[in-house]
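Examination of the molecular architecture
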Amino acid sequence: MVESRWAPLFDPYILINTIVCLSYVPVRLSFDEGSQLFKSDPMGITREMQIAGVMVLGSWVKYRRANSWQEFAPSIFMYSKVVIFLCCMVANKTYAAWYAVIFLVLFFALHESEDKSPNNVVALNTANFYEVEGDMDAIWLVEFYTTWAKHCIPFTKIFNRLSNKYGSDKIKFAKVDIGRFKSLATKFNISLNVFNNNELPTIILFHKGKPVPNQRLPVVKKDGSLNERFVLLTEENVEKYFGLAWRTAEHKKQSRSGNNKKAKRKKVRS
């Protein structure tokens, strides 16, 4: 339990970005005390404090919309890098140039790690999506995602855990990369807007081969826009919204009832 809880902190993406951002602390100590960065305005606020204040405000807005700290981490790293670069531009342009190079290298070379833990999620595409649409018995919870949308990689870990907890022959879990299979995004009216991807990932519950009404996250209005009452894609929220616990309990109850009926028939025959 302890290892799994702290493991994300040792992900190369988290660890390296944290070290790079914290490197500003010793660098800052080398700045000239007479730098414009440390000069105060009439209210006693330094240029550094002004820059950091904007970062804190932006980070707070992002934090309010994040589903987990793993999803929030890329935003805090981005704002921290902007603050570091701007502060260095004011105090020491040489440091600013070095940080710019380092940040560019990290941007292209370092990415969030995908969750590769064991799970009960079936990977689907346009060729085999008939497994969902042709299943008249089981319920399917399908994650429509892309590899580039900011919310998708953190949610994959949540979806995998739910599949391990509730996956069965009656409740099945699947995922579709609609960045590759765009026809499925069009079919289920999922936006692939690169500049506004709050609709990704989209989770839809299917039964008898069709989407169940009002069983879709994020919630989309009739006009195609997102519902203002944004439901965070946390494990608890997804679990409750799609009723995974009670659906599982209901299926187990029906299974026991069916087994009891079979047992009674055998007794009557004997």
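Residues numbered from 1 in each chain as written. Predicted model: local features only at pLDDT ≥ 70, side-chain atom pairs only at ≥ 80, totals over all residues. Heavy atoms only, no water.

Points about the sheet that holds strand β1 (residues 121-124)
Operational definition: Here the rule is simple: two strands pair whenever DSSP picks up at least two bridges between them. Helical segments are the DSSP runs of H or I of at least four residues, strand segments are the runs of E of at least two, and each set is numbered from the N terminus. Angles run from 0 to 180 degrees between N-to-C directions of axes, and those axes are lines fitted to C-alpha atoms, restricted for helices to the stretch in contact. Only heavy atoms enter the contact rule, under which two residues are in contact if any of them lie within 4.5 Å.
Taken in spatial order, the 5 strands make up an open sheet running β1-β3-β2-β4-β5, and their pairing is mixed. Sheet topology places β1 and β5 (210-217) at the edges, where each strand pairs with a single neighbour. Pairs of neighbouring strands in the sheet enclose a mean axial angle of 30°, with direction left out of account. With 6 bridges joining them, strand β2 (residues 139-145) and strand β4 (residues 202-207) adopt antiparallel strand pairing. Note that in β4 the partner of glutamate 143 across the bridge is isoleucine 203. Sheet strands in contact with helix α8 (residues 152-166) are β1, β2, β3 (171-177) and β4, and its direction is about 165° off that of β2.

Details of the environment of tryptophan 60
Mapped onto the fold, tryptophan 60 is located in helix α4 (residues 47-65). Along the sequence, tryptophan 60 and isoleucine 76 sit 16 residues apart, while their C-alpha atoms lie 9.4 Å from each other.

A short note on the side chain of histidine 151
We count it as follows: Here a polar contact means two N or O atoms within 3.5 Å. Within protein one must be a hydrogen donor candidate and the other an acceptor candidate, and residues neighboring in sequence count only if both atoms are side-chain atoms.
Take histidine 151: it is sitting in the loop between β2 and α8. For histidine 151, the side chain forms a polar contact with the side chain of asparagine 198, separated by 3.4 Å.

On their own, these measurements won't tell you what the molecule is for.
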